[in-house]
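Report on the structure
Spelled out from the first residue to the last, the chains are:
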Amino acid sequence: MRLEKRARTSPLAYAAAPVGAVAFTLLVSTLLVLWAGAPVGQTYALLARGAFGSVFALTETLTRATPLILTGLAAAVAFRARLFNIGAEGQLYAGAIAAVAVGGLHGGTGLEWPPALLFALMLLAAALAGAAWLLGPALMKAKLGVDEVVTTLLLNFVMLLLVSALLDGPMKDPLALGWPQSVALQGDLELSRLVPGTRLHTGLLIAMGLAVLLWALLASTVPGFRIRAAGANARAAAFAGVPVTRTVVLVALLSGGLAGLAGAIEVAGRTGYVTLDMSPGYGYSGIVIAMLAGLHPLGVVAAGVFVAGVLVGADSMSRAIGVPTYIADVIVAASLIAVLVAGLLAQYRVRWK
């Protein structure tokens, strides 16, 4: 068996690829539901109702989607330039710690500055912390050819150890009764609620606005063209005059900054302080979301809501009929594999020898 690149991919093939991916995902999920001994129709109905069937369910899904959108954008812009950033989890925690350092320390009151200025500085500090955590691996790749997959992945564990040391040391909340958590942000720096009585906060609007800005940057600006050119063929881009190293640095700043903002927005919008279990793998899930979206910033928003809906709906569905919540992970993983294979088959045809 060999793959032969198609001379031309028809629009119909591109349209049929996601349809086929959805069908494959539903088939795999249905087999697992049947294996668990649950009714298929009721399982999917409960999953959809748990994710979108009420105001509470919808707001919980969108709350979960907010950090996923930001880490998905971080992965998407990096992968566009073939900078394979696997370290968004560590960059998220770097941003969260930086946000608390600006808005929560200093005797628990934050700096004695106006809340609006302090909030902007908090987000800036978070973005810079996330960017700095990715800048080293990016420069090592550009200058020394070091594999960024390894360095960014290992830096996740370094950051978690650093956060653990800080939570048990200088950033530990003296009122936490020994529990390892940071001091809390001052109340003026917390994000306001979009829907009263729910956890949905204005961080969602920030995430969606950044998705639009990133789309405009990639589609309509010279730096965006350079990012796409470096991702398509770095050697050809350099030959054509694109400053590849400078472009990689820009991508690292954007990608790490977006992941760092995810940490700051989680702290300001949901938790109020940093703990070691603050993120249930948002950084790694962002990679899945970016690939599901085809690395398109606007598609990341839809993919983030989809993944969040599956995860939130699975919790409700599991309590109702006893199907394990792990089926949510299977659905997300199967959809990712299906989308990648469908996209491959849209561009290549299979030839049997």
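This section reports on the structure supplied with the text. These numbers were taken from a predicted model, which means no experiment stands behind them.

1. What to know about the overall build of the chain
Of regular secondary structure, the chain possesses 13 helices and two strands. For the chain, with 353 residues in total, the buried portion stands at 46%. Sequence-distant contacts in the chain: of pairs separated by 6 or more residues, those separated by 24 or more amount to 75%. Summing over all exposed atoms, the chain offers an accessible surface of approximately 16600 Å²; the carbon and sulfur share of this is 70%. Seen as two clouds, the 22 positive and the 14 negative side-chain charges of the chain have centres 21 Å apart.

2. Observations regarding the nonpolar core
Core analysis: the largest hydrophobic core is formed by 87 residues, its most contacted members being Ile-69, Met-122 and Val-274. The dominant element in this core, judged by the number of residues it contributes, is helix 3 (residues 55–80), at 12 residues. Excluding residues within four positions of it along the chain, Met-122 makes contact with Ala-99, Val-102, Leu-185, Leu-189 and Ala-268.

3. Section: the pattern of salt bridges
One side chain can pair with another of opposite charge once the charged atoms of both are near each other. Summed over all chains, the structure comprises three salt bridges. Linking Glu-60 and Arg-199 is a salt bridge whose minimum nitrogen-to-oxygen distance equals 2.8 Å. Taken together, the residues span a long stretch of sequence, with Glu-60 in helix 3 and Arg-199 in the loop between helix 6 (148–167) and helix 7 (203–220) at a distance of 139 residues. A relative accessible area of 39% means that Arg-199 is categorised as partly exposed. The partner of Arg-270 in a salt bridge is Glu-266, with the nearest N and O atoms 2.7 Å apart. With a gap of four residues between them, Arg-270 and Glu-266 both fall in helix 10 (residues 244–271), about one helical turn apart.

Cut-offs used in this document
Residues numbered from 1 in each chain as written. Predicted model: local features only at pLDDT ≥ 70, side-chain atom pairs only at ≥ 80, totals over all residues. Heavy atoms only, no water. Helix = DSSP H or I, 4+ residues; strand = E, 2+ residues; numbered from the N terminus. Buried < 20%, exposed > 50% of the residue type's maximum accessible area, 1.4 Å probe, protein only. Contact = heavy atoms within 4.5 Å. Areas by Shrake-Rupley, 256 points an atom, 1.4 Å probe, with all protein chains shown as cover. Lys, Arg positive; Asp, Glu negative; His and termini not counted. Charge placed at Lys NZ, Arg CZ, Asp CG, Glu CD. Core = buried A, V, L, I, M, F, W, Y, C linked by side-chain atoms within 4.5 Å. Salt bridge = Lys/Arg side-chain N within 4 Å of Asp/Glu carboxyl O.

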